[in-house]
Amino acid sequence: MRLFLLGAFANAKEVFVPLPGGGKLGLSTRGSTAFRVRVLTTDNAPIDTPMVAPDSEDAPFTSTSTGISAKFGSITVDQGKLTLKDASGKVLTTSDPIGHGDTGICSTQPGTDITGGDRAGDPTTVTDAAACCDYCKATTGCKAWIFGNPGDEEGNCWVMSTVAGTTQSATRTLGGMGSGNGVYLSTKAGQLYGRGSGKGDATKLTGTSVNPYVDNTATYVPHYYTTDGYAALGVVNITTGNGKTNNLPARYGTDGSKITWSTEGAFELYLMPAATLDEGTAAYYSLIGAPAVPPRYGFGFIASRWGWENRSYIESVLHQFRDGNYPIDAFITDFGWFTTESDYAYPSEGKDYYHDFNFSNLTFPEPQAQLKEYREKLNFRMGGIRKPRLGNSDLIKFATAQGFILPGGETGLGYAEGRNLNYGLKAARDWYAEQQQHYYPDGVSFFWNDEGETDFYTFHWWNVAQVQSLRATSKDTRFYSINRAWSPGMARLGATVWTGDINPSWDDLVNTPGMMLNWGLAGAPYVACDIGGFTGESNADLLTRWYQVGAFIPTMRVHSTKDATPHFPWLWGDAAGNLQAALNLRYQLLPYHYSLAHRMYKTNRLWMRPLVAEYPEDATASVLASQWFDGDLMVAPVLNQDSTKDIYLPKGEWYSFNASGVQQGPKNISGTAEMSEIPVFVRPGAVVPLAPVVQYSGALPGGALEVQVYGGADGTFELVEDDGETTAYEQGKVRTTTFKWSDASSTLSWSVDSGASSLPNAFTEVYVTKFADATVKSATKALGSSGSIVVSDLVVV
């Protein structure tokens, strides 16, 4: 168990309401969107959690003896019952009396089992969960109970005196211990979004219980948005686990009538009234910090593999990308870039010849000269893998003596015990940042952080240390990293994520859209995956379909294990053409995606969204995790091995992307797709800016901007351009071109608002492609500071 320090009080005001069972509630606001409810048994200070960093000042509120009211709603407490209302006065939820007596023994966590512990008595068979709780009450020393539906040969009710840990289980209900400062909120069968996900539930957008933890291929967080009309985030001041502390004991579950929060340690609950999923997600990101915009190269294509053998091989691959006209911006190397072998078989004392902060003589014998050439002549950025641990014996001895080592390791995998750094310690971060800060001026652009599931917050504090390394060498270069797991709030640092060590299987391809959507709703909006699968040999059809998905997710990146064929296009025979086409499309979408990222930073509105955000009342659309909105584009990729389509068009008119003619929804589309086909749909009024195909993002603009408009309704789009490299955009140094489509006059007009003095990659020319009954295309016109194009005079193409 890890205990976090309770930080200084962030608000100037807080209202305290006594509870009838003892203790009190502390009520205040955080940021412009959230109430904070502190469940207090003593006068402890607010929890200084890394998850919360509002992007605006705390909202003012008025107070009474029973609660507080702000512009977004109110919270009142009467006889221990908490009531949350929205700004109109509508009751969103009411709690059971909150107290600290022994009444919590019958509180439940549906969908939760334990990982181990000590029994207080023999198992028995009972009729229901309430009877199991009664059995616990009658058993001396019982602190927790588990009801099984069904049970097993022992029975269906187990009573425990201690609990080692918890896990998710559809057939178990945990009661009692772990409820801690339990809060039980009413719900009208509210659907809960935003928990995170793993492989087992990636295709489900809603859940009924969450035990927050981080691990390879899974991240779950203490957050939800409920269709009752509010978002919530639970915060505690400890992390727990079995061997490593990768669990956060701020759990919740619902039975359809109550949402139960069960916690350990000090507990705070953030509540955000919000009428819709979009509003709830925006309020949540406002609380945890607006997602930083990655550098422009992060919106291109990134090639990774385990097994970059030597300098000659690296340079051969980079030239093959360029010579074959396969667009790409960066490559990532595994262990081989900084040391000569992996450390998976190392003892806890490490080995004396291992290098943690060097370059390998095999791959980078002249690191500064090589990286300079790769960037300036071949236009490649390089990212290197990082591990959260040490392998060098002397460094391990030093870190141990300084108290920098985090107990535990990669539980169940048999490595890294006694070698993981505790990044939660400032002194450890300072030391680590100093050791590796030379990499940035040496020419390394970003880091790929692997296997950091040693504590729930390891990835957060690890990234803080890496930001510190960067800031020691550059005051304004954008920080960028890719991480195997995450905790809420990391996106504000510039940290992105990937879905872990997935398999080259159709099942894991099917999981990919849902993982992206669930993680976005939970606090990680920039999601990548190992396109093609990591753990073994892929195949051409699977890789093609995965590339096509990759063109429409936040980060497009391939990866493969050292014994598999790398997922580089020219190695896949006849499939290379379709792989190249997906890359070309990705680069055409650069100005579109980059602008949507800026919109997300500015408004906290997700860039990639599930269909339920637009069609909450559509029973079919609301549960789909295989389709999503990429801005205004509805992506419905082919995910089946036999290339069959399984597409749903919600109500309204729909164009196929890049084509004229509409279809009327609601409608199901089936049939067999060609290998080159990527089903994408667009509603009337959409305005979509596209670039010419360029070979790397720094080659923009590459020619005139194409602005596609889809007839039948008015529409707008804000094209945002900046220097692509620095944090100047945070000070408003961007150029925003607002395009407006008037369907009645068939006119695209625009105006430019420039807060940036010189942008060499900005577009200077534009033309329009209109899709309606037929496709028409305009002549090219200078953008200037404003202008317009009337499409009625155009020639059909």
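Rules of the game
Residue positions are counted from 1 within each chain, in the order its sequence is given. Predicted model: local features are reported for residues with pLDDT of at least 70 only, side-chain atom pairs are reported and counted for 80 or more only, and whole-chain, interface and lining totals are derived from all residues. Hydrogen atoms and water are omitted, and side-chain values are computed over all heavy atoms in the structure. Comment: axis = line fitted to C-alpha atoms, over the contacting stretch for helices; angle = value between 0 and 180 degrees taken between N-to-C directions. Strands here are runs of E lasting at least two residues and helices are runs of H or I lasting at least four, both read from the DSSP assignment and numbered beginning at the N terminus. Any angle that falls under 35 degrees is termed roughly parallel, while one over 145 is termed roughly antiparallel, one within 65 to 115 roughly perpendicular, and all others oblique. By definition in these notes, contact holds between two residues if any of their heavy atoms fall within 4.5 Å. Three residue categories are used. Nonpolar comprises Ala, Val, Leu, Ile, Met, Phe, Trp, Tyr, Cys and Pro, charged comprises Asp, Glu, Lys and Arg, and polar comprises the others, including Gly. Left-handed is the label given to a crossing in which the near helix is rotated counterclockwise from the far helix by less than a right angle, and right-handed is the label when the rotation is clockwise. Between the rings of Phe, Tyr and Trp (Trp by its six-membered ring), a pair exists once the centres lie within 6.5 Å; its type follows the angle of the planes, with under 30 degrees stacked, over 60 edge-to-face, and the other angles tilted. Here's how the labels work: a residue is buried when its accessible area is under 20% of the maximum for its type, exposed when over 50%, partly exposed in between, all with a 1.4 Å probe on protein chains only. We call a charge positioned over a ring when the NZ of a Lys or the CZ of an Arg lies within 6 Å of the ring centre and within 35 degrees of the ring normal. Each residue after the first adds 1.5 Å to the expected span of a helix. To obtain the bend at a residue, axes are fitted to the seven residues ending there and to the seven starting there, and the angle between these axes is taken. Only strands joined by at least two bridges in the DSSP assignment are considered to pair.

### Some thoughts on the packing of helix H9 (residues 506-522) against helix H10 (residues 540-550)
Running from amino to carboxyl end, H9 crosses H10 at an angle of 5 degrees, the nearest separation of the two axes being 11 Å. As summarised for this structure, H9 and H10 are arranged roughly parallel, according to the angle between their axes. Seen from H9, the contacting residues are Trp506, Asp508, Leu509 and Thr512; seen from H10, they are Asp541, Leu542, Arg545, Trp546 and Val549. Looking at side-chain class alone, the contact of H9 with H10 contains five nonpolar, one polar and three charged residues.

### A closer look at the packing of helix H6 (residues 426-436) against helix H8 (residues 458-471)
H8 packs onto H6 with a crossing angle of 50 degrees between their chain directions and a minimal axis gap of 8 Å. Regarding the angle of H6 to H8, the classification is oblique. By crossing handedness, the relation of H6 to H8 is classed as right-handed. Every residue of H8 that contacts H6 at Arg429, Asp430, Tyr432, Ala433 and Gln436 is listed here: Trp461, Trp462, Val464, Ala465, Gln466, Gln468 and Ser469. Partitioned by chemical class, the residues of the contact of H6 with H8 number six nonpolar, four polar and two charged.

### Section: the packing of aromatic side chains
Inspection of the entire model under this criterion finds 58 aromatic pairs. Both rings, one in Trp261 and one in Phe267, keep their centres 6.0 Å apart while their planes meet at 35 degrees; by these two values the pair is tilted. Just as Trp261 is buried, Phe267 falls in that class too. Taking the centre distance of 5.1 Å and the plane angle of 75 degrees together, the rings of Tyr601 and Tyr729 count as edge-to-face. In this pair, Tyr601 sits in helix H12 (residues 590-603) while Tyr729 sits in the loop between strand S42 (715-721) and strand S43 (735-742), placing the two residues 128 residues apart along the sequence. Take Tyr601: its relative accessible area is 25%, and that puts it in the partly exposed class. A network of ring pairs unites the aromatic residues Trp306, Phe335, Trp337, Phe338, Tyr344, Tyr346, Tyr354, Phe359, Phe364, Tyr439, Tyr440 and Phe447 as a single cluster. In this structure, Lys24 is placed above the aromatic ring of Phe16, and the distance from its NZ or CZ to the ring centre is 4.6 Å.

### Here we look at H9
For H9, with 17 residues, the first-to-last C-alpha span of 25 Å sits near the 24 Å given by 1.5 Å per residue. Taken as a whole, H9 carries its principal kink of about 30 degrees at Thr512; the proline Pro513 stands between one and four residues after it. One or two residues past the end of H9 sits Gly523, with phi positive at roughly 130 degrees.

### Considerations on the sheet that holds strand S30 (residues 481-483)
Strand order across the open sheet formed by eight strands is S32-S31-S30-S29-S28-S27-S26-S33, with parallel pairing between neighbours. Every other strand in the sheet has two partners, leaving strand S32 (527-528) and strand S33 (556-558) as the edge strands with one partner each. Its contacts with the sheet place H8 against strand S28 (381-386), strand S29 (446-449), S30 and strand S31 (495-498), and it is angled at close to 160 degrees to S29.

### Remarks on the pairing of strand S3 (residues 24-30)
Most of S3 is tucked away: six of the seven residues are buried. Across four bridges, the pairing between strand S2 (residues 15-18) and S3 is antiparallel. Bridge assignment links Val15 to a residue of S3, and that residue is Leu27. Between the end of S2 and the start of S3, which pair antiparallel, lie five residues, with Gly22 showing a positive phi angle near 110 degrees. Bridge count for S3 against strand S4 (residues 34-40) is seven bridges, and the pairing is antiparallel. Residue pairing for S4: Arg30 is matched across the bridge by Ala34.

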